[in-house]
There are 4 protein chains.
Amino acid sequence: MHDKSVRIHSDVVAQAARDALIRRGVTIQDIAEIVYEMQLVYNDGLTLEHCVNSVERVLRKREVQHALLVGVELDELAEKKLLSSPLQQIVESDEGLFGVDETIALGSVFTYGSIAVTTFGHLDKQKIGIIKKLDTEPGQRVNTFLDDLVCSIAASAASRIAHSMRDLEEDGGTFADIEPQQLGPKPKNNEL
Amino acid sequence: MHDKSVRIHSDVVAQAARDALIRRGVTIQDIAEIVYEMQLVYNDGLTLEHCVNSVERVLRKREVQHALLVGVELDELAEKKLLSSPLQQIVESDEGLFGVDETIALGSVFTYGSIAVTTFGHLDKQKIGIIKKLDTEPGQRVNTFLDDLVCSIAASAASRIAHSMRDLEEDGGTFADIEPQQLGPKPKNNEL
Amino acid sequence: MHDKSVRIHSDVVAQAARDALIRRGVTIQDIAEIVYEMQLVYNDGLTLEHCVNSVERVLRKREVQHALLVGVELDELAEKKLLSSPLQQIVESDEGLFGVDETIALGSVFTYGSIAVTTFGHLDKQKIGIIKKLDTEPGQRVNTFLDDLVCSIAASAASRIAHSMRDLEEDGGTFADIEPQQLGPKPKNNEL
Amino acid sequence: MHDKSVRIHSDVVAQAARDALIRRGVTIQDIAEIVYEMQLVYNDGLTLEHCVNSVERVLRKREVQHALLVGVELDELAEKKLLSSPLQQIVESDEGLFGVDETIALGSVFTYGSIAVTTFGHLDKQKIGIIKKLDTEPGQRVNTFLDDLVCSIAASAASRIAHSMRDLEEDGGTFADIEPQQLGPKPKNNEL
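Computed from a predicted structure; not experimentally measured.

S.K.: Would you mind going over the overall build of chain A with me for this structure?
M.R.: The secondary structure content of chain A amounts to 9 helices and 0 strands. Relative to the globule expectation of 16 Å for 192 residues, the C-alpha radius of gyration of chain A, 17 Å, shows essentially globular dimensions. Across its three principal axes, chain A shows a C-alpha extent of roughly 60 × 45 × 25 Å. Evaluated residue by residue, chain A yields a buried proportion of 64% over its 192 residues. Put simply, of all contacts in chain A between residues at least 6 apart along the chain, 74% involve residues at least 24 apart.

Below you can see the structure in the form of structure tokens.
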């Protein structure tokens, strides 16, 4: 049962999720580049800056932050050999039939609609940009959860851009007409 | 990238998932009682033994086993204060908007169809039997993931019974006509 | 492959989804009442007006509008006996193991996070307010898809309120401090 | 509320789903070829015949059959211009942000686990074999739902093969050691 007395402020959670990503070697720029590469052909006037803002906005969602905190924690525990057996071996070896890594990533992708889900599946197989780097990092590195989380954030940010393009087209505009910041986070808190 | 050399045999994973459940104070019987209570009115001839077998069969699924291993690990790490902050506080306090606990449980519920999903939602709010006990356990106990996992297993086993009942009715039979074991695990391995 | 030449403006889609709901006898007020009944205990200062606005906002989402258009179409076709056999009989009889009705409704619930999913499951079993009325309407009425869609909209609007309450609490406020319109639709278009 | 008096036997539903697929120009063989192309590299001894059997087994699942019946019905109604506006235009033009087509297909993919979901997303973007043909059929043909359904069946059958391979490897075998029929439907009814 929920104990309200130990509540963490959402700004703390947001910052921790962001820190986790950076600590594991993934920048907002890295993810934005995947989004840009996927969406450029469909969206006139789209710049990398728009994609950076869309990624920033995705990172403001609670579901995304919580998924990041859990996934990176499990990767780091596995790296330090601190998980119990056989979970340690399953995570460490990036067992193909494990599935909990995809499930956690899917939980936050779902909040961006079914187009985000198919884009996630595509990225998970194609492994472009930083995703490929994470998947093939040598040595003791464990990125079992992280690579799926990055796919999830990129797919979500791409889905936001596809939906925004549609609204722009209806108004007779393109991405050239809007400031990148319009795709970015709102000034305060999570979405009301 | 997957490293085949450290592969764990599926029997080891199955046993570890089962052990995790028991170690946290949940018996197959406890879960079967929830299933029985939910399904009795709809299914003539249904016995607790049929429900025990259906739960046993659900526990043979990889998705279910992996979800159990991850969820129980996180609960136990939180109990020992071994998660990093702020995840430690979020899991420890069973934060209502966390969501990753439901997401992991949903991942395995999905494999039993949309009826299992709605039953999961129902159980998650109603908290009958062992689920209520887990949710209100006093002291340092952390069951943030476990209570959702138990809902998930019960909802899946109940869904299997609803589908089986339909097949029985088409043959003019009821649960009184079939051995409980027919609902239970197959002799070998996971489902081919 | 997508043919852009027959594109429908999103305002037309939004209006059609709203009309479909009203035509089938469901008002925004009906859905808001379910939300209010579920959320009142957890949210100080919450009024029915806040819930009306939250429902209005949910109805601005493309996923929700498309789900409504498809579900109501299938109900109405079934009512007019215009579906082919055996789909006609399956929809008409509200076959318990059908599942596509829940699947379509779940598609839009997912976009509001895992708390919305469990709330949906709960409502789908409890059938309060207008949902009960839809489920037991006499005569030739077919509401096989509609009752799940209403559960989905109510669960999504409730989830938005739970997330908003959290933000309010962090600022030391309650719903008494905010105008109902703050929970409502933005002035223009879908969410960017 | 469910009316048992008009119940359709599951054999009738299974046959109707199969007929719908064939009527729309998709053979079991077409889908099996996609599965084979995707899985060959990972599975020693895999033959097209194994894939045919895996597809046949997937087609025995209620979720899959119901999704097929609904999706093909909507495609055919759109082809005959029998949907109401604006749904008619949305389905007819294969509107990229529609999403209900993916949602219905995802509902049945979920029952095969998270590996099936990512494979579905991959196929939905790559559009190999019959999927490409469906997506680009000229003239008045509407395959808005069908192409996603075929992706879904192929992804599910592929996921079954990946899981089976794992079991085979644990026993020191390959697909060369098992009869294709072992991957196929059970003699009776749906899965108990």
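S.K.: Hey, could you run me through the interface of chain A and chain B in this one?
M.R.: It is common to report an interface's size as the accessible area lost on association of the parts. Chain A puts 37 residues into the contact, and the matching count from chain B is 37 residues. Both faces considered, chain A and chain B share a buried interface measuring about 3200 Å² in area, 71% of it formed by carbon and sulfur atoms. Inspection of the region where chain A meets chain B yields 6 residue pairs in polar contact (both at pLDDT 80 or more). Those elements giving two or more residues to the side of chain A that touches chain B turn out to be α1 (10-23), α4 (62-79), α5 (87-92) and α6 (100-109) of chain A. By residue number, the principal contributor to the side of chain A that touches chain B is α4 of chain A, which donates 8 residues. Residue composition of the side of chain A that touches chain B, grouped by class: 21 nonpolar, 9 polar and 7 charged.

S.K.: Explain the side chain of Glu73 of chain B here, please?
M.R.: Structurally, Glu73 of chain B can be placed in helix α4 (residues 62-79). Although Glu73 of chain B is buried, it makes no salt bridge; Arg23 of chain B carries the closest opposite charge, 6.0 Å away. A distance of 2.5 Å separates the side chain of Glu73 of chain B from the side chain of Ser84 of chain A, its partner in a polar contact.

S.K.: What should I look at first to understand the relation of the copies chain A and chain B in this one?
M.R.: One copy of the chain maps onto the other through a rotation about an axis followed by a shift along the same axis. Between chain A and chain B, the superposition needs a rotation of 180° and an axial shift of 0.0 Å, giving an RMSD of 0.0 Å. These values place the two chain copies in the arrangement generated by a two-fold rotation axis. Taking C-alpha positions as the reference, the residue of chain A nearest the rotation axis is Ile104 of chain A, at 3.1 Å. When the interface residues of chain A are mapped onto chain B, 100% of them again fall at the interface, so both copies present the same face.

Thresholds applied
- Residues numbered from 1 in each chain as written.
- Chains lettered and ligands numbered in written order.
- Predicted model: local features only at pLDDT ≥ 70, side-chain atom pairs only at ≥ 80, totals over all residues.
- Heavy atoms only, no water.
- Helix = DSSP H or I, 4+ residues; strand = E, 2+ residues; numbered from the N terminus.
- Rg over C-alpha atoms; globule rule 2.2 N^0.38 Å.
- Buried < 20%, exposed > 50% of the residue type's maximum accessible area, 1.4 Å probe, protein only.
- Contact = heavy atoms within 4.5 Å.
- Buried area = accessible area lost by both parts, 1.4 Å probe.
- Polar contact = N/O pair within 3.5 Å; in protein donor to acceptor, adjacent residues only side chain to side chain.
- Nonpolar A, V, L, I, M, F, W, Y, C, P; charged D, E, K, R; others polar.
- Lys, Arg positive; Asp, Glu negative; His and termini not counted.
- Salt bridge = Lys/Arg side-chain N within 4 Å of Asp/Glu carboxyl O.
- Least-squares fit on C-alpha atoms with pLDDT ≥ 70 in both.

These results come straight from atomic positions and should not be treated as a statement about function.
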